[in-house]
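# An overview of the molecular structure
Listed below are the residues making up each chain.
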Amino acid sequence: MGGCCIGDCCVANCGFCCVFDCCIGKSNCCVGEHATPSSSSSSKKHQEEDHAAMIANELAEMRSRSASEARRQEEEVIAETNKTMEEFIKWIQDENKKQYGGRSLNINIERIKELNENLRKKIVGFIGKRLNDKIVDTNPEVSTILNERDNSKRKKNFDEFYQARMRDAIRELIVAIEISVREQSDSIEREIQNRIKELNNTMTEETRALEDLKRLKEQENSRVAEKQVEYMYYINLCDIMYDELKISGLDIGR
């Protein structure tokens, strides 16, 4: 005899191992040998609740981390694009000061600034939105990661997932910037070409007008020369007539 059983039967204070029954031939009758079903179920429920709370916190922390990192990345990209655009605007301003055929290009700098502002608006929130759409528990990848019970493995997998999605978002932003810059370049190039074409047309018109003026002047000089010859003829004729009259003894005076 020993433990909680007497003659293989449980006593009343054995911990409710065997209620109104005996442990005859049963090895797991006594307390300490097994737990009650209600106690095991409650413990498992608490564990699940704790795990759910922990992964919810991890997900919230990752979303907060991604938002901060996204803003930092976007600010760096904006600073770099602003620097490049400022240099380009300065180059345009210098070109506008130059004279081409006595005229300036006069490129619309405000339009360039407007295009740059549109690009800035595209960058703001670009990375953050894409990360925010990916780091959700409805994403199968995230769901699989969160179901990992090993904390260190889950953290490692979550970090790798985050870094991969960050790289994807940055690559997408680079493509978007390249498309936008190409559109800007095409727009600015068209404006410059149109302005140069206007100047060329103006210079052509002015050259044509100058040639017309020169031709009219030449024509006018020709007509003046003709009149001059005509007048010289009349003057000479008058002189001859005067001399003839004078020879005839008529003094008509001058």
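Preceding this paragraph is the structure being described.
Residues numbered from 1 in each chain as written. Predicted model: local features only at pLDDT ≥ 70, side-chain atom pairs only at ≥ 80, totals over all residues. Heavy atoms only, no water.

### Observations regarding the overall build of the chain
- Helix and strand counts for the chain stand at 5 helices and 2 strands.
- Shown N-terminal to C-terminal, the secondary structure of the chain runs as helices and strands in the order β-β-α-α-α-α-α.
- By the burial criterion, 22% of the 254 residues in the chain qualify as buried.
- In the chain, 64% of the contacts between residues at least 6 apart in sequence involve partners at least 24 apart.
- Split by element, the accessible area of the chain, about 18400 Å² in all, is 54% carbon and sulfur. (Helix = DSSP H or I, 4+ residues; strand = E, 2+ residues; numbered from the N terminus. Buried < 20%, exposed > 50% of the residue type's maximum accessible area, 1.4 Å probe, protein only. Contact = heavy atoms within 4.5 Å. Areas by Shrake-Rupley, 256 points an atom, 1.4 Å probe, with all protein chains shown as cover.)

### Focus: helix H3 (residues 126-134)
- Considered for burial, the residues of H3 that qualify are Phe126, Ile127 and Leu131. Within H3, the buried residues cover an arc of 120° as seen down the axis, which keeps them to one side. (Arc of directions from axis to C-beta.)

### Describing the nonpolar core
- The biggest cluster of nonpolar side chains holds 21 residues, and the ones touching the most others in it are Ile127, Leu131, Ile135 and Phe158.
- Taken together, the elements giving at least two residues each to this core come down to helix H1 (37-97), helix H2 (109-123), H3, helix H4 (140-146) and helix H5 (151-247).
- No other element matches H5, which puts 7 residues into this core.
- Here Leu131 is in contact with Ser66, Ala70, Tyr162, Arg165 and Met166, once residues within four sequence places are set aside.
- The next biggest cluster of nonpolar side chains, apart from the first, holds 11 residues, and it includes Ile89, Ile107, Leu115 and Ile192. (Core = buried A, V, L, I, M, F, W, Y, C linked by side-chain atoms within 4.5 Å.)

### Overview of the side chain of Thr81
- With respect to the secondary-structure elements, Thr81 resides in helix H1.
- Sequence-distant contacts of Thr81, defined by excluding residues within four places in its chain, comprise Asn116, Leu119 and Ile123.

### Focus: the pattern of salt bridges
- Applying the stated rule across the entire model yields 16 salt bridges.
- Salt-bridge contacts for Arg65 lead to Asp159; the nearest nitrogen and oxygen are separated by 3.0 Å. Pair noted here: Arg65 is in helix H1 and Asp159 is in helix H5, with a separation of 94 residues, a long-range link.
- Among the salt bridges present, the one from Arg165 reaches Asp168, with a minimum N-O distance of 3.0 Å. Taken together, the positions of Arg165 and Asp168, both in helix H5 and 3 residues apart, correspond to about one turn of that helix.
- You can call Arg165 buried: its relative accessible area is 16%.
- Overall, Asp168 belongs to the partly exposed group, its relative accessible area being 25%.
- Sharing partners across several salt bridges, the network here consists of Glu141, Arg165, Asp168 and Arg171. (Salt bridge = Lys/Arg side-chain N within 4 Å of Asp/Glu carboxyl O.)

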